[in-house]
Amino acid sequence: MDHIEEFREDLRTFKEMTGKFYQKEISVNDYKAFSGGFGSYAQRGGKESMLRLRLTGGEVSKEILTFIAKSIETHRISLTHLTTCQSIQFHNLSEGQVVSLMEDSFRHGIITRGGGGDYPRNVMASPLSGVQKEEPFDVLPYAREAADYLLGFIHKVTLPRKLKVCFSNSGENEVHATFRDLGFVANQDQTFDVYSAGGLGRSPRMGIKVASHIPPEKTLYYIKAMIDTFVSYGNYQNRGRARTRFMPEDMGEEAYRKAYEEKLNTALAEEDLELKISPSPVKKTGPVTDFTHPRVIPQKQTGLYAVCYKPPGGNPPPSLFQALSHALASMEEVSIRITPDQGMYVINCTMEEAKTLLDLTKDSAKTSFEQSVACIGASICQVGIRNSQALLQACLEAVKKENFPDKVLPKIRISGCPSSCSAHQAGALSFSGRVRQTSEGPKNAFAIYEAGCGALGKEAFAQELGVMLEEEIPFFLIELGRAVSRDHSVYDVWIQKHHEQFLDLVKKYI
């Protein structure tokens, strides 16, 4: 469907409202309520804006990469950020820049509509879908169809709040399909299990399995049922409870299951949503080698590799996009996938191409701890409480001096507020922005969480242990790393054997 033309008139409205905001004719809150639906928000202070690109499954083709690179150069963009919903954000934009960039995005087939606000959001998919060894099947084509279908509801339906849909191809469950608003999990028999009404943030909830082993071609019926259930039973009065995860709580789980099933049966009887997807396998191959590297993953395609790049805090240098665009221009079938942990894969590379890309991305994380995730933080985000990026940087600098072996400390997740934009509730060790009262008055602080997990069959939400002062968290991590090192172990093993010791250490700081 040609959604570009459908939303073109909306761009004029965005330009008018953005002009009014920068002329201070409308408030920050009123503008936020409007602009979020376009994937744009004013940054803290109201003097600059951000723009979030809608990239289904984090997929960045060469053409889109070229557009991003040229946009960065033309507009002299100073900050780019990779999100945990597989999007790219441009930051520190002027009024003219954000309007121009949005218009240019539409001209290049990137629809930002629904990138924020109370709309179907960016549809996520496992980042190595289609190239990952031992995956049941490629789920990305179904994510693309879902994204196109969901865009069609933006002008037709008013949702209570945002709706997040995702597709998982493996037990790693990187996109958290079992606890999203709607998640599809691939089975070995070429079917999907479907999970509904889950989510992170305040009052997190695991999804309810509403269907097992459905034919993938039926995917859109299950999405239509989710939309109709949300519209019929979602809470339009209380915004704090207007997410799908509150419906089973308000209705009762069995009543929710019945309501969803009724909407599904109606969709199956009245709609024509059958998908017909033709496979488009990777044709490229490479020479078979024994090439190995910590950041290189062999694909299921003969002689091809995926190169992993994880910039600190999910903030790649803007100049990297120009370098990647130039390098990929001559590489056949090579493209980029943004990951749900603020990194990217460059896929379909031969050994020599992989070596070139490794050289271009030398600033990538080298340890699990350096792969830590942090939301954009309160220095930019209007609703943020703490500067999560600053805390991450302080932790990285402090830990680096210790020279701990890899995996002595785990990948941590840092959210600037309880909204879980870093998915801190799914992390092994995580932090969420708070304020702590002290004898000297209120101080910057973060709640500490442990034992979250997103892996299929092992899902668990992290448990809050207390609140640490922001300035003391690097020292806590150093002390933890030293304890694990003394045991000649790694964090995941050590924590199982020494949990009481871990809790004693935490108590020193909370």
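Below: a short report on this structure. (Residues numbered from 1 in each chain as written. Predicted model: local features only at pLDDT ≥ 70, side-chain atom pairs only at ≥ 80, totals over all residues. Heavy atoms only, no water.)

1. Details of the pairing of strand 16 (residues 412-415)
Phase 1 of the analysis: Covered by surrounding structure in strand 16 are Ile 412 and Ile 414 together with Arg 413 and Ser 415, the residues of both alternating faces.
Phase 2 of the analysis: Pairing analysis gives two bridges linking strand 15 (residues 373-374) to strand 16, with the strands arranged parallel. Residue pairing in the sheet places Ala 374 in a bridge with Ile 414 of strand 16.
Phase 3 of the analysis: You can see the chain leave strand 15, run along helix 11 (residues 388-400) and come back into strand 16, and the turn it takes is left-handed.
Phase 4 of the analysis: Alignment of strand 16 against strand 17 (residues 429-438), held across four bridges, turns out to be parallel. (Buried < 20%, exposed > 50% of the residue type's maximum accessible area, 1.4 Å probe, protein only. Helix = DSSP H or I, 4+ residues; strand = E, 2+ residues; numbered from the N terminus. Pairing = 2+ DSSP bridges. Right-handed = clockwise from strand over helix to strand, strands pointing away.)

2. Details of the side chain of Ser 129
Phase 1 of the analysis: Considering the arrangement of structural elements, one finds Ser 129 in the loop between strand 6 (124-125) and helix 5 (140-151).
Phase 2 of the analysis: There is a polar contact of 2.7 Å between the side chain of Ser 129 and the side chain of Asp 138.
Phase 3 of the analysis: Apart from the residues lying within four places of it in its own chain, the contact partners of Ser 129 are Glu 135, Asp 138, Val 139, Leu 140, Asn 169 and Arg 337. (Polar contact = N/O pair within 3.5 Å; in protein donor to acceptor, adjacent residues only side chain to side chain. Contact = heavy atoms within 4.5 Å.)

3. A short note on the sheet that holds strand 1 (residues 40-42)
Phase 1 of the analysis: Strand order in the open sheet formed by four strands is 1-2-5-4, with antiparallel pairing between adjacent strands. Where the open sheet ends on each side, the last strands, each with one partner, are strand 1 and strand 4 (79-82). Averaged over all pairs of adjacent strands, the angle between their axes in this sheet comes to 20°, without regard to strand direction.
Phase 2 of the analysis: Here four bridges tie strand 4 to strand 5 (residues 88-93), and the two strands are oriented antiparallel to one another. Bridging across to strand 5, His 81 finds its partner in Gln 89. (Axes fitted to C-alpha atoms, helices over the stretch in contact; angles between N-to-C directions.)

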